[in-house]
Amino acid sequence: ADEARIALDNIADRAGNLLHPTLRLGVAGLSRAGKTVFITALVHNLLHGGRLPLFSAAASGRIARTYLEEQPDDAVPRFAYESHIRTVLDERLWPQSTRAISELRLTIEYESASLFSRMLSRGRLSLDIVDYPGEWLLDLPLLDKDYATFSAEAIERARLPSRAAMAGPFLAALDAATLDAPSDETTAVQLSQSFAAYLRACRNDRTALSTLPPGRLLMPGDLEGSPALTFAPLPVDPGRSYPRGSLAAVFARRYDAYRNVVVKPFFRDHFARLDRQILLVDALQAINAGPEAVKDLETALTDILACFRPGASSWLGSLLTRRIDRILVAATKADHLHRESHRRLEAIVRRLVDDAMARARFKGANIDVIAMAAIRATREGTVNDPAGPLPVIIGTPMEGEEIGRDRFDGLRETAVFPGDLPADPGRLFDAKRPREPIRFVRFRPPRLERNAEGLTLSLPHIRLDRALEFLVGDRLA
Ligand code: GDP
């Protein structure tokens with residue numbers, strides 16, 4: 001049934017494509033990586049003639065018109081672009097982050113770069129942007145794991161020293177549970193909630209862990225409270241069959257439901273239809289949290305990238321007929337660093353996805369890494385320090401942000417010395433290395449500048465144009 005469904009979707013998409021060329025661009029990243037900000041900035045820059053010198057179609061003046069259109073999928077929430085951009089421009093605040101899947105269609109009318117195609121007609125490309133939580137991709141490996149295997153791995157992970165503080169209450173609840181006692185809903189909900197609370201606690205700023213499946217327990221979307229999301233791993237004995245209606249039997253059934261009614265439909269209906277993908281990564285947060293968080297981010301990224309090139313014998317591999325041919329891994333929020341550190345940030349993320357990249361390339365995907373800020377909230381400056389000139393970034397910290405004893409009111413600009421990233425990415429994995437954290441202050445979105453003619457300029461960014469060139473440039477050639 002899954003195969004038939006995907007085949008039909010593909011035929012429909014291809015037929016539609018003949019009349020109306022489209023490109024389905026997936027935007028993924030773990031929670032707070034910057035998906036909402038990225039899509040908002042991308043759309044704003046394309047609609048309002050942003051400064052995009054590295055995006056060749058725009059730079060050479062070949063983009064004739066851009067506009068938002070009705071999206072193709074009626075059952076998918078629309079990406080709330082209008083409300084997000086208002087928050088950024090009018091309130092100078094950050095928009096509400098991604099909680100579930102959403103979609104937006106942006107159509108670009110362009111002149112082809114080649115004289116021959118130009119004579120035929122003006123080109124038109126619809127960019128269907130699909131925004132979804134990266135956490136959901138971490139569920140793919142669950143499709144090949146039964147309940148006992150999932151449980152054993154999840155419990156082993158919960159017992160890691162780095163997770164001890166967060167997992168304590170859940171592990172205690174687990175000790176108190178009787179697996180073959182008849183399941184009552186109060187216990188089931190309590191166990192499931194304490195498991196979800198532990199997963200969420202692992203995502204806090206200090207620990208910043210990333211590998212935390214099942215993804216919907218972190219990002220439930222519209223399924224919160226459903227039986228398929230009300231389970232937890234239990235120390236079940238793989239060889240044993242538990243009595244009907246027992247806690248272990250009920251959770252095993254719900255775990256299967258989770259895989260069948262939650263995980264599979266997402267991959268079948270959405271993931272299998274993507275043409276290109278950008279994966280956003282907030283490496284700075286993990287770097288600040290220390291080596292455990294960096295290693296965990298590496299694991300999560302490797303697992304996520306593996307989704308784009310699944311083995312042919314796996315459930316997804318056997319279904320994927322359309323192959324994502326370009327993947328961009330983008331380290332976000334580069335405006336938190338001085339330009340001198342951008343290359344280092346890029347090198348760090350490259351190192352995190354090294355193995356996964358080699359594998360994807362081997363299987364024919366074009367994959368690249370950049371450091372980017374979809375919205376640049378800072379500018380650069382130099383402060384004279386007794387030790388010499390110090391490169392700083394200047395921006396308006398959000399109300400309530402603190403550095404040392406300074407607490408900001410959200411009104412005044414401040415210069416911050418962000419600190420340096422190590423030149424050797426390997427140092428970030430070294431637990432014995434003394435850490436010099438990056439000074440990570442949340443800045444407000446920038447005030448829009450006006451040019452000499454008094455026109456408001458579009459949102460500033462760092463290398464958003466390079467991202468666009470990689471992801472869609474060839475389709476506008
Ligand atoms: P999502 O969960 O992936 O949708 O994440 P968001 O796009 O909502 O971003 C989470 C937060 O990261 C935002 O509220 C901002 O504080 C910050 N952020 C994201 N992108 C940028 C950026 O380009 N520059 C700066 N300075 N901050 C950003």
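Residues numbered from 1 in each chain as written. Predicted model: local features only at pLDDT ≥ 70, side-chain atom pairs only at ≥ 80, totals over all residues. Heavy atoms only, no water.

(A) Geometry of the sheet that holds strand β1 (residues 22–29). One open sheet holds the seven strands; their spatial order is β2-β3-β4-β1-β5-β6-β7, and the pairing between them is mixed. A strand with exactly one partner marks an edge of an open sheet, and here the two such strands are β2 (63–69) and β7 (366–371). Averaged over all pairs of adjacent strands, the angle between their axes in this sheet comes to 20°, without regard to strand direction. By the bridge criterion, six bridges tie β1 to strand β4 (residues 123–131) in an arrangement that is parallel. (Pairing = 2+ DSSP bridges. Helix = DSSP H or I, 4+ residues; strand = E, 2+ residues; numbered from the N terminus. Axes fitted to C-alpha atoms, helices over the stretch in contact; angles between N-to-C directions.)

(B) Geometry of the nonpolar core. With 102 residues, the main nonpolar core has Tyr132, Leu137, Leu234, Phe251 and Phe271 as its most contacted residues. The element best represented in this core is helix α10 (residues 247–269), accounting for 11 residues. Domain assignment of the residues forming this core places at least three in each of domain 1 (2–132 + 270–375 + 463–476) and domain 2 (144–259). Beyond its immediate sequence surroundings of up to four residues, Leu137 is in contact with Ala28, Tyr132, Phe266, Phe267, Phe271, Ile304, Cys307 and Phe308. Counting 41 residues, the second largest nonpolar core, distinct from the first, contains Leu23, Phe55, Leu459 and Leu468. (Core = buried A, V, L, I, M, F, W, Y, C linked by side-chain atoms within 4.5 Å. Buried < 20%, exposed > 50% of the residue type's maximum accessible area, 1.4 Å probe, protein only. Domains from an automatic or database assignment. Contact = heavy atoms within 4.5 Å.)

(C) Fine view of the site of the ligand. Lining the immediate surroundings of the ligand are 19 residues, of which Arg32, Lys35, Thr36, Ser97 and Asp335 lie closest. With respect to the ligand, the backbone of Ala374 contributes an N or O atom lying 3.1 Å from an oxygen atom. Within the side chain of Arg442, an N or O atom sits 2.8 Å from an oxygen atom of the ligand. For the shell around the ligand, a count of residues per class yields eight nonpolar, six polar and five charged. (Near = heavy atom within 4 Å. Polar contact = N/O pair within 3.5 Å; in protein donor to acceptor, adjacent residues only side chain to side chain. Nonpolar A, V, L, I, M, F, W, Y, C, P; charged D, E, K, R; others polar.)

(D) Quick look at the pattern of salt bridges. Tallied over the entire structure, the rule returns 25 salt bridges. Here Arg268 and Asp269 are joined by a salt bridge, their closest N and O atoms 3.0 Å apart. Put simply, Arg412 and Asp409 hold a salt bridge, and the shortest N to O gap is 2.4 Å. Ionic contacts of the salt-bridge type, sharing partners, join the residues Arg24, Asp73, Glu103 and Arg273 into one network. (Salt bridge = Lys/Arg side-chain N within 4 Å of Asp/Glu carboxyl O.)

(E) Representation of the sheet that holds strand β12 (residues 414–416) within the structure. Across the sheet, three strands lie side by side as β8-β9-β12; this open sheet has antiparallel pairing. Unpaired on one side and paired on the other, β8 (379–385) and β12 mark the two borders of the sheet. Strand-to-strand, the axes of this sheet are offset by a mean angle of 45°, without reference to chain direction.

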